[in-house]
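# Descriptive analysis of the structure
Given next are the chains, with one letter for each unit.
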Amino acid sequence: ILFTSGSTGAPQPHPRTFGQLAQSARSEAQGLGLLNQAAAIVGTVPAQHSFGFESTFLLALHGGCSFWSGKPFYPQDIVEALSAVPAPRMLVTTPFHLAALVGSGLHLPALEMILSATAPLKSSLAFEAEACAAAPVHEIYGSTETSALATRRTTEGQTWTLLSGVTLRQDDEDTWACGGHVPSCVGLSDVVELTGDRQFLLHGRQAD
């Protein structure tokens, strides 16, 4: 049972099967290109958080990756953790941690990729991070209710691309995620503009 964070109300339970979570991890690994080259993951998000659980622990189990078992928080912690794992390296983090890391001026070990979620990532920060790390910065879009749904490389534009097997359908102003690892159809709390067969834009929360 996965629980929402409680940032928009009391935490809500969402029953999931392990098969759904495994399928989600494989779809995420495919969407990020990790099935062709697995990475050693360092995550600043703990594994009891849905994003951390899916993008560190489950990517190790079902995406062919490995991950560092510690919980780095400060920039120096993150650099030391990345230095402790072999290349190719992948940093799974949040905009908050990424801004602190970039602003620290610390030298980073060679990175294959940076993956961010939990909050919108400003394109200016993504450009700074790519220049600092000499690696692409990707974002994951999803929720506790759905797991990961889509990815984008932030410096290449605002368009999101759906993961394998996932589809979106719209009913008036509401958008629903269906298929793949998503249990039945789940309503999204964001304003979504469909721009292509498997692509879309986000325009904020419905509650805004």
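In this report, we go over the structure that sits alongside the text. Note that the coordinates shown come from a computational prediction; the quantities given were computed from them, not determined experimentally.

### Notes on the packing of aromatic side chains
In this structure the tally under the stated criterion is six aromatic pairs. Note on Phe73 and Tyr74: the rings are 5.0 Å apart at their centroids and 85° apart in plane angle, and the pair reads as edge-to-face. Overall, Tyr74 belongs to the exposed group, its relative accessible area being 55%. Here the aromatic residues Phe53, Phe57 and Phe67 are joined through ring pairs into a cluster of three or more.

### Quick word on unusual backbone geometry
Along the chain, Ala87 connects to Pro88 via a cis peptide bond; the corresponding omega equals 0°. Positive phi, normally seen in glycine, also occurs at Ala134, with a value near 55°. Mapped onto the secondary structure, Ala134 falls in the loop between α5 (123-133) and β7 (137-143). The class of Ala134 is exposed, set by a relative accessible area of 68%. For Ser147, which is not glycine, the phi torsion reads 65° and is therefore positive. Along the chain, Ser147 turns up in strand β8 (residues 147-153).

### A short note on the sheet that holds β7
An order of β4-β3-β5-β6-β7-β8-β9-β14-β13 is seen for the nine strands of this open sheet, with the pairing classed as mixed. Two strands close off the open sheet at either side, each with one partner strand: β4 (66-67) and β13 (190-194). Two strands pair when backbone bridges link them, and strand β3 (residues 40-43) and strand β5 (residues 89-93) are joined in this way by four bridges, in the parallel orientation. Looking at the pairing, Val42 lines up with Leu91 of β5.

### Description of the layout of surface pockets
Volume-wise, the largest pocket comes out at about 1200 Å³. Lining the largest pocket are 42 residues, and of these Thr118, Gly142, Ser143, Asp190 and Arg205 sit closest to its centre. Those elements that place two or more of their residues in the lining of the largest pocket are α2 (50-62), β7, β8, β12 (185-187) and β14 (199-205). Among the elements that take part in the lining of the largest pocket, β7 stands out by supplying five residues, more than any other.

### A short note on the state of the cysteines
Overall, the coordinates contain one disulfide when judged by the stated rule. Residue pairing for Cys178: its cysteine sulfur links by disulfide to Cys185, the two sulfurs lying 2.1 Å apart. Around the S-S axis, the bridge from Cys178 to Cys185 shows a dihedral of about 120° and counts as right-handed. For Cys185, a relative accessible area of 33% puts it in the partly exposed group.

The rules behind each value
Within each chain, residue numbers correspond to sequence positions counted from 1 in written order. pLDDT decides what is reported in this predicted model: residues at 70 or higher carry local features, side-chain atom pairs at 80 or more are listed and counted, and totals for whole chains, interfaces and linings draw on all residues regardless. To get the side-chain values, all heavy atoms of the structure are used, and hydrogens and water are removed first. Only rings of Phe, Tyr and Trp enter the pairing, Trp through its six-membered ring, and a pair is recorded when the two centres are within 6.5 Å. The plane angle decides the type: under 30 degrees is stacked, over 60 is edge-to-face, the rest tilted. Relative accessibility decides the category of a residue: with a 1.4 Å probe and only protein chains considered, values under 20% of the type maximum give buried, values over 50% give exposed, and everything between is partly exposed. Under the scheme used here, helices are H or I runs from DSSP no shorter than 4 residues and strands are E runs no shorter than 2 residues, and both carry numbers assigned from the N terminus. Pairing between strands requires that DSSP locate at least two bridges from one strand to the other. Buriedness of a pocket was judged along seven lines, with at least five required to meet protein on both sides within 12 Å; pockets are open sets of points on a 1 Å grid over the protein atoms alone, cavities are sets where a 1.4 Å probe fits but cannot get out, and lining residues have an atom within 4 Å of a point. Grid points are joined across faces, edges and corners, and a volume is the space filled by probe spheres set on the points. Cysteine sulfur atoms that come within 2.5 Å of each other are treated as a disulfide pair.

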